[in-house]
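Working through the structure, step by step
What follows is the residue order along each chain.
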Amino acid sequence: MKNFEFCAPTRMIFGRDTHLQVGKIIKEYGFQKVLVHFGGNSARKSGLLDTVVRALEEEQIDHVLLGGVQPNPTLSMARRGIRLCREEQVDFILAVGGGSVIDSAKCIADGVANPDVDVWKYFMKEAVPEKALPVGTILTLSATGSEMSNSCVITNEETGLKRGCGSPAHRPLFSICNPELTYTVSKFQTGCGTVDIIMHTLERYMGDSEGVSVTDRIAEGIMKSVIEAGRIADASPRDYEARACLMWSGSLSHNDLTSAGRTFLMQVHQMEHELSGKYPQIAHGAGLSALWPSWARYVCACRPSRFAQYAVRVWNLEMNFENILETAMAGIQATEDYFVSLGMPVTLRQLGVSEDALEEMADKCTGHGSRTLPGIRELSRDDLVAIYRAAMGEA
C-alpha cells in the first residue's frame, strides 16, 4: 500500500426533505449574499428553485440567480458567473443541480477568489488556485460525485478542449443530498449516472493494486451495490432505497476513498473528455459506456489477473484458473451487457461520432503525441486511435 492522504471535509446532509434546511444551514455559516446557480428549466418546473429561494428569504439571506448551465459546463458560463458575483459582492455559491452545475460553480468560485488570474489557466495547468469562494450544493442527479470531490471539469467552447482541475478548495463546504429529488431523472440520465459512478470506482480499481485489499473491497462493494441499484432505479424510478444507494455511492466513488493507497490515471475519462469536448451533445456517462469496453479489451492482456478478480468478485463469475484471460474477458463482456441493459451506448457509432474525428481526439488527448497516458498499459497517440477506432463498432 502506497502512502496517501485522505481528506473529505464536505458536510453531508442526506435524506428526505433535507433540501428544506438550506436557508438555516447557510445562515449557520454567516454568509450574506448567495449566488444560486442552476441548470435549465427543470429546477423551475419542479418547484425546487422556488423552494430554495423561499428557504433563503425566510432566513433573510440575500441572493441572485444564475441559470442556464448545460451538460458539459462551459467556460463562457463560468466567466458570466464570475462577473455577476463580483458585481453583486456574492460571498457564497449554492449549486442546485447535478455535476455540471456543481463544476460550473467551482470554476466561478476559483475566478472570484483569484481575480488576478485567468481562470482557464487552472485547467491548462498553468496556475494553481490559491483559494476559492465557498460552495454548497443541493444535488439533483447521482453521477459525477462532484458534490464531495476536489475535481472540476470545464469545456472551453472556443478551443473545443474539455479539461479538469483538482484543488483542495474545490470540495464543497456542504452538500444536501435528498434522493427524492432524483425521482424525475429520465431513464437515460439515470443510466448515464450509474455508468459514471461505476467508472469512477472501476478506473481507480484498475490502478496500482498491490497491498490495497481493504480499498479493493470498498470499491467492489460500491460497484456491486450500484449495479443492483441501477437495475432497480431503471425499472422503478421512485424506489427510494435504490435512488439513495446511487446518490451515496456517487459521492463515495469520487471523494478519493476508492483510490486510497494506490496510484491511478483515469485513461477512459481522459479519452471521454476529448469525445464530449468535440461533441458537447454527448452525455459524459454515455461516452464512458461507449469507450470502456474497447479500452478494457485493448489493455486487458497486460494485467489479466486484475480484470479476472473484477469478474469474479463483482460479477460473480467462476474463475478459470487454466485461462485467466478468458475470465477477464468474460468480466468485460458482463460489464458491456449491463450497460446495454440500461439502454446505454456501447459504440461511438451509436453516438453519431465520425471516424474523421478519431485522430483529432487522440491528438488533443496526447498533446499531439507529446505525452503518453500511464496506466495498466501506457497508451500513446496511436494506441488511442486504435481504441477509438475499435469503439466505433461495426458499420
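The sections below set out a description of the structure shown in this document. The shown structure was predicted, so the numbers you read here are calculated from the model rather than taken from an experiment.

Glancing now at the packing of aromatic side chains. Using the criterion set out here, one finds 11 aromatic pairs in the structure. Ring geometry for W292 against W295: centres 6.3 Å apart, planes inclined by 45°, an arrangement best described as tilted. Pair noted here: W292 and W295 are both in helix 11 (residues 284–299), with a separation of 3 residues, about one helical turn. Accessibility expressed as a relative area gives 4% for W295, which makes it buried. Taken together, Y205, W292, W295, F307 and Y310 form an aromatic cluster joined through their ring pairs. Across the ring face of Y240, the terminal group of R16 is positioned such that the distance to the ring centre comes to 3.6 Å. Just above the ring of Y205 sits the side chain of R306; from NZ or CZ to the centre is 4.0 Å.

Now for the environment of R313. With respect to the secondary-structure elements, R313 resides in helix 12 (residues 304–315). The class of R313 is partly exposed, set by a relative accessible area of 28%. In this structure R313 touches Y205, D216, R217, E220 and K224, once residues within four positions along its chain are discounted.

Turning our attention to the side chain of T327. By the element assignment, T327 lies in helix 13 (residues 324–341). Looking at T327, the relative accessible area reads 3%, which means it is buried. For T327, the contacting residues outside a window of four places in its chain are A308, A311, V312, E318, M319 and N320.

What follows is about the nonpolar core. Proteins that are soluble and globular tend to have nonpolar side chains buried together. Judged by nonpolar contacts, the single largest core of 63 residues is most densely connected at W292, W295, F307, L348 and V353. In terms of residues, this core owes the most to one element, helix 11, which gives 8 residues. When residues no more than four places from it in sequence are discounted, the contact partners of W292 are M199, L202, V268, F307, Y310, I332 and T335. Core analysis: the next-biggest nonpolar cluster, separate from the first, contains 33 residues, A78, C85, V90 and A95 among them.

In spatial order, the strands read 1-8-5-4-2-3; together these 6 strands make up an open sheet with parallel pairing. Of all strands in the sheet, those bounded by a partner on one side alone are strand 1 (11–14) and strand 3 (62–66). If you compare each strand with its neighbour and ignore which way they point, the axes differ by 20° on average. Across the sheet, helix 5 (residues 99–113) is in contact with strand 2 (33–38), strand 3, strand 4 (92–97) and strand 5 (135–139); its angle to strand 4 comes to roughly 165°.

Taken together, the side chains of M1, F4, F6, V214 and I218 make up a nonpolar region of the molecular surface, amounting to roughly 460 Å² of accessible area. Within the fold, F4 resides in the segment before strand 1. Residue F4 is classed as partly exposed on the basis of its relative accessible area of 46%.

Residue position: V314 is located in helix 12. What makes V314 buried here is its relative accessible area of 4%. Between the alpha carbons of V314 and R217 there is a distance of 9.9 Å; along the sequence they are 97 residues apart.

The description of two helices packed together rests on the angle between their axes and the distance between the axes. It is at 9 Å that the axes of helix 8 (residues 213–235) and helix 12 come closest, and there the two elements cross at 50°. By the angle between their directions, the pair helix 8 and helix 12 is classed as oblique. When you trace helix 8 past helix 12, the crossing you get is right-handed. In contact with D216, R217, E220, M223, K224, I227 and R231 of helix 8, helix 12 contributes R306, Q309, Y310, R313, V314 and W315.

About the thresholds
Residues numbered from 1 in each chain as written. Predicted model: local features only at pLDDT ≥ 70, side-chain atom pairs only at ≥ 80, totals over all residues. Heavy atoms only, no water. Phe/Tyr/Trp six-rings, centres within 6.5 Å; stacked < 30°, edge-to-face > 60°. Helix = DSSP H or I, 4+ residues; strand = E, 2+ residues; numbered from the N terminus. Buried < 20%, exposed > 50% of the residue type's maximum accessible area, 1.4 Å probe, protein only. Lys NZ or Arg CZ within 6 Å of the ring centre and 35° of its normal. Contact = heavy atoms within 4.5 Å. Core = buried A, V, L, I, M, F, W, Y, C linked by side-chain atoms within 4.5 Å. Pairing = 2+ DSSP bridges. Axes fitted to C-alpha atoms, helices over the stretch in contact; angles between N-to-C directions. Patch = residues over 30% accessible without salt bridge, like charges linked within 9 Å, V, L, I, M, F, W, Y side chains within 5 Å. Areas by Shrake-Rupley, 256 points an atom, 1.4 Å probe, with all protein chains shown as cover. Salt bridge = Lys/Arg side-chain N within 4 Å of Asp/Glu carboxyl O. Parallel < 35°, antiparallel > 145°, perpendicular 65-115°, else oblique. Left-handed = near helix turned anticlockwise from the far one by under 90°.

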